[in-house]
Amino acid sequence: MESDSTVCKNDVSLTFCRFEFEMWRTLENRINFTSNYSTPDDGNKSYQDKNGSWHGEIGMLVANKADVAIGKYGVTTEREIAIDFISQAFDSKLETFVQRIKARDTSLKYILAPFASRFWAVVLLVMLVLYILLSFSSHVLTINKYYEKYYISNTWLFILGIFCQQGHDTTPHSWTCRLVYFTAYVTAVVLFAAYSSVFISFLAVNHPVLPFTDFQGLLNAGNYKLGVIGVSVYTNFFDKASDPVLKKIYTTLIEPNAGHHPSDELEGLQRVCKEKNYAFFVDEFDARLYRKKLSCGVIPIPRAFMVVPVSFMISKNNPYQRLLSRYIQKMRRAGLIQRLDESLLPKHISVHQVPLVNVSINDTAPQFIILAVGLLISILCLIVEKLCYNLYQ
């Protein structure tokens, strides 16, 4: 949520520097003014210490060493006492990020996974009904029974063969049996197409596994650590929250590790990749910026987030506050801020984003095992039948 002005000074090619300074330059061009830039001497994190003194950019504004702080600064009650904000440029979404865990599983359960257990039961029931109808039609409704040889003992093989996409060397002569055949084939083709498409998606799509889905789930998990940047603007979201769940997160996960929290956004995201069962609460904006510098993929927890209004800061009772706020709102209504976001920043990170993956031989091993076992059993049956035939001869 706080832009790193020190890094911005050393490497102006960073995309978040471009985004924020492009906004400020647009204001310069529209209002016709120029700016002198400086950075705080005591660090670039704006926070209030235990003595009530402000540091970072807010410290410069309070000491009248600067007029405006350019960055995404969260609007909080403590800050509004010391400084003012230039309108509300945009909203910041603070999310809980965890390491993306692959959901690959080469076990045989994926053979049945495309359909739910109840649906498989319905398929078996449909096969049983078709088996009864074909036997019934052949022996009761068919006028010329000589042409129809569908008995109770062999009809199930015909129905099973249809659902296994097999052809048959016999054709029903009666229209009643033909109708049953036609119904069975159409049903089998539709089921086979649906099964194939879902089964391929199981192999080709890497669905992430989420350890929890909200803040309550984070507490219930018991084995996860939560990291935040160790400054009051982040910890206060939990410490001073009215929600008892957030307060408990602060007392059990944040306060006990007060001296071991990351110093900046990149360090926290890197710890998500390096440490096991580590979650990091950070601005989605920063996660997008540092994503390419991480050794792993990170994903946000769907319902473990907060939305905070953010904007540029300005010194208290500054005479230009209303003018700048007016032009910020004009830029927002005209869609200029959204266009800068889309053109300069990486795309949003979503749990529903599925990376492209290659299906390896390990992923399809169960299918090849079934094929090999089927071939071996068929060869074994052939040998047994051949021996039995020679024995009876």
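The shown structure was predicted, so the numbers you read here are calculated from the model rather than taken from an experiment.

Conventions used here
Residues numbered from 1 in each chain as written. Predicted model: local features only at pLDDT ≥ 70, side-chain atom pairs only at ≥ 80, totals over all residues. Heavy atoms only, no water. Phe/Tyr/Trp six-rings, centres within 6.5 Å; stacked < 30°, edge-to-face > 60°. Helix = DSSP H or I, 4+ residues; strand = E, 2+ residues; numbered from the N terminus. Buried < 20%, exposed > 50% of the residue type's maximum accessible area, 1.4 Å probe, protein only. Salt bridge = Lys/Arg side-chain N within 4 Å of Asp/Glu carboxyl O.

Asks: I tried to follow the packing of aromatic side chains on my own but got confused; where do I start?
Replies: Any pair of aromatic rings gets described here by the distance separating the centres and the angle formed by the planes. All told, the structure shown has nine aromatic pairs when counted by the stated rule. Taking 6.1 Å as the distance between ring centres and 65 degrees as the angle between the ring planes, the aromatic pair formed by tryptophan 24 and phenylalanine 312 counts as edge-to-face. Residue tryptophan 24 is located in helix H2 (residues 15-31), and its partner phenylalanine 312 is located in strand E6 (residues 298-314); the two are separated by 288 residues in the primary sequence. Exposure remark for phenylalanine 312: the relative accessible area of 1% places this residue in the buried category. Considering the side-chain rings of phenylalanine 215 and phenylalanine 238, the 6.0 Å spacing of their centres and the 85 degrees angle between planes classify their relative orientation as edge-to-face. Taken together, the residues phenylalanine 215 in helix H9 (residues 215-221) and phenylalanine 238 in helix H10 (residues 232-239) connect sequence positions 23 residues apart. Comparing phenylalanine 215 with phenylalanine 238, the two get one shared label, buried.

Asks: What exactly am I supposed to notice about the environment of glycine 74 here?
Replies: Looking at the element boundaries, glycine 74 is found in strand E1 (residues 68-74). Looking at glycine 74, the relative accessible area reads 0%, which means it is buried. On a C-alpha basis, the gap between glycine 74 and valine 307 in space is 9.9 Å, while along the polypeptide they are 233 residues apart.

Asks: Sorry, what's going on with the pattern of salt bridges here?
Replies: Enumeration over the complete set of coordinates arrives at eight salt bridges. Residue glutamate 275 pairs with arginine 271 through a salt bridge whose shortest N-O separation is 3.0 Å. Take arginine 271: its relative accessible area is 17%, and that puts it in the buried class. For the salt bridge of arginine 288 with glutamate 284, the shortest nitrogen-to-oxygen distance reads 3.6 Å. Of this pair, arginine 288 and glutamate 284 both sit in helix H13 (residues 284-290), four residues apart, which is roughly one turn of the helix. Residue class for arginine 288 comes out buried when judged on its relative accessible area of 3%. We classify glutamate 284 as buried; its relative accessible area is 7%. One salt-bridge network, in which partners are shared between bridges, spans Lys225, Arg271 and Glu275.

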